[in-house]
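Architecture at a glance
The primary structure of each chain is shown beneath.
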Amino acid sequence: MRIQLAQRTEADELLGRSPLALLVGMLLDQQIPMEWAFTGPHTISERLGHDLTAGEIASYDPEAFAALLAEKPAVHRYPKSMAGRVQQLAAYLVERYEGEPERIWADAADGKDLLKRLQDLPGYGKQKAQIFLALLGKQLGVRPPGWREAAGLYGEEGSHRSVADVTDPESLGKVRATKQEAKRAAKAK
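These notes cover the structure that comes with them. (Residues numbered from 1 in each chain as written. Predicted model: local features only at pLDDT ≥ 70, side-chain atom pairs only at ≥ 80, totals over all residues. Heavy atoms only, no water.)

**Remarks on the overall build of the protein chain**
Summing up its helical and strand segments, the protein chain has eleven helices and zero strands in all. Helices and strands appear in the protein chain in the N-to-C order α-α-α-α-α-α-α-α-α-α-α. Since a compact globule built from 189 residues should have a radius of gyration of about 16 Å, the 16 Å found for the protein chain is in line with a globular shape. If you line up the protein chain on its principal axes, its C-alpha atoms span 45 × 35 × 35 Å. Once local pairs closer than 6 in sequence are excluded, the contacts in the protein chain between residues at least 24 apart make up 56%. With the model as given, the accessible surface of the protein chain reaches about 9400 Å², and the carbon-plus-sulfur share is 50%. Each charge class in the protein chain was averaged separately, 26 positive and 26 negative side chains, and the resulting centres sit 8 Å apart. (Helix = DSSP H or I, 4+ residues; strand = E, 2+ residues; numbered from the N terminus. Rg over C-alpha atoms; globule rule 2.2 N^0.38 Å. Contact = heavy atoms within 4.5 Å. Areas by Shrake-Rupley, 256 points an atom, 1.4 Å probe, with all protein chains shown as cover. Lys, Arg positive; Asp, Glu negative; His and termini not counted. Charge placed at Lys NZ, Arg CZ, Asp CG, Glu CD.)

Spelled out as structure tokens, the structure:
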């Protein structure tokens, strides 16, 4: 299965081959449309001239990196703030995983361990970590024992709750419909 979160071939190809790009896309996925967030890593890599590396991002001059993300079209609605978050994530990956994000899940003992590792990432709260865990399990075959349970509702088979369930334009529509229904139900309370 190939990743189709950005809904742009070249951006999705980067997400499929680069665990760092996928983590950065998930980090950017807040307060902007999902496709914009997951196109962000590709935009950054184009501006750098090559695929992302945690070491380069972590050591990049913060003001220059913020300017890189703010170039038109901006990578995020809040480019300066998100540039800082992306650099924090990259620095954490360099410090804890030698710049190799796939090590987060490669030797996780089980779903709970993997969830904890994801929650420890800068910018990843419980919900974002559960969604990313579900994405790993559903689309990338990363399935340590208990992964569905650790992912909570996002791990449910056949659900359409999050980016973990987006595999094509049709499933994207179903996820959006589920989110709109949840918002309507919350307003009705």
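**Focus on the packing of helix H1 (residues 9–17) against helix H3 (residues 34–48)**
For the pair H1 and H3, the least separation of the axes is 8 Å and the interaxial angle reads 90°. The orientation of H1 with respect to H3, classified from their angle, is roughly perpendicular. Along its contact with H1, which presents Glu10, Ala11, Leu14 and Leu15, the element H3 presents Phe38, Thr39, Pro41, His42 and Ser45. Taken together, the residues of the contact of H1 with H3 break down into five nonpolar, three polar and one charged. (Axes fitted to C-alpha atoms, helices over the stretch in contact; angles between N-to-C directions. Parallel < 35°, antiparallel > 145°, perpendicular 65-115°, else oblique. Nonpolar A, V, L, I, M, F, W, Y, C, P; charged D, E, K, R; others polar.)

**A look at the pattern of salt bridges**
The final tally for this structure, using the stated rule, is 13 salt bridges. Measuring nitrogen to oxygen at the nearest pair gives 3.8 Å for the salt bridge that ties Glu157 to Arg148. A relative accessible area of 69% means that Glu157 is categorised as exposed. For Arg148, a relative accessible area of 29% translates into the label partly exposed. Sharing partners across several salt bridges, the network here consists of Asp107, Asp113 and Arg117. (Salt bridge = Lys/Arg side-chain N within 4 Å of Asp/Glu carboxyl O. Buried < 20%, exposed > 50% of the residue type's maximum accessible area, 1.4 Å probe, protein only.)

**Digging into the nonpolar core**
Judged by nonpolar contacts, the single largest core of 61 residues is most densely connected at Leu5, Phe38 and Phe132. Not counting residues within four places of it along the chain, the set of residues in contact with Leu5 comprises Asp12, Leu15, Leu22, Met34, Glu35, Phe38, Leu135, Val163 and Val166. (Core = buried A, V, L, I, M, F, W, Y, C linked by side-chain atoms within 4.5 Å.)

**Some thoughts on the environment of Arg96**
On the secondary structure map, Arg96 appears in helix H6 (residues 79–97). When the C-alpha positions of Arg96 and Leu121 are compared, they lie 9.9 Å apart, and in sequence the two are 25 residues distant.

**Considering the environment of Arg161**
Assignment of secondary structure puts Arg161 in the loop between helix H10 (147–150) and helix H11 (169–188). A relative accessible area of 29% places Arg161 in the partly exposed class. Residues Arg161 and Pro101, 60 residues apart in the sequence, show an inter-C-alpha distance of 25 Å. Once residues within four sequence positions are removed from consideration, Arg161 is found in contact with Leu153, Tyr154, Glu156, Val175, Thr178 and Lys179. Side chain to side chain, Arg161 and Glu156 meet in a polar contact 3.0 Å long. (Polar contact = N/O pair within 3.5 Å; in protein donor to acceptor, adjacent residues only side chain to side chain.)

**With respect to the layout of surface pockets**
Its boundaries defined by the atoms lining it, the largest pocket holds a volume of some 650 Å³. Considering the residues around the largest pocket, the lining is formed by 21 residues, among which Asp29, Arg161, Val175, Lys179 and Lys183 are closest to the centre. Among the elements that take part in the lining of the largest pocket, H11 stands out by supplying eight residues, more than any other. Of the residues that constitute the lining of the largest pocket, the class distribution is ten nonpolar, five polar and six charged. Empty space within the second largest pocket amounts to approximately 160 Å³. Residue lining of the second largest pocket: 14 residues in total, with Lys138, Ser159, Ala164, Asp165 and Thr167 positioned closest to the centre. (1 Å grid on protein atoms, 1.4 Å probe; cavity = no way out; pocket = protein on both sides within 12 Å on 5 of 7 lines; lining within 4 Å. Points joined across faces, edges and corners; volume = space filled by probe spheres on them.)

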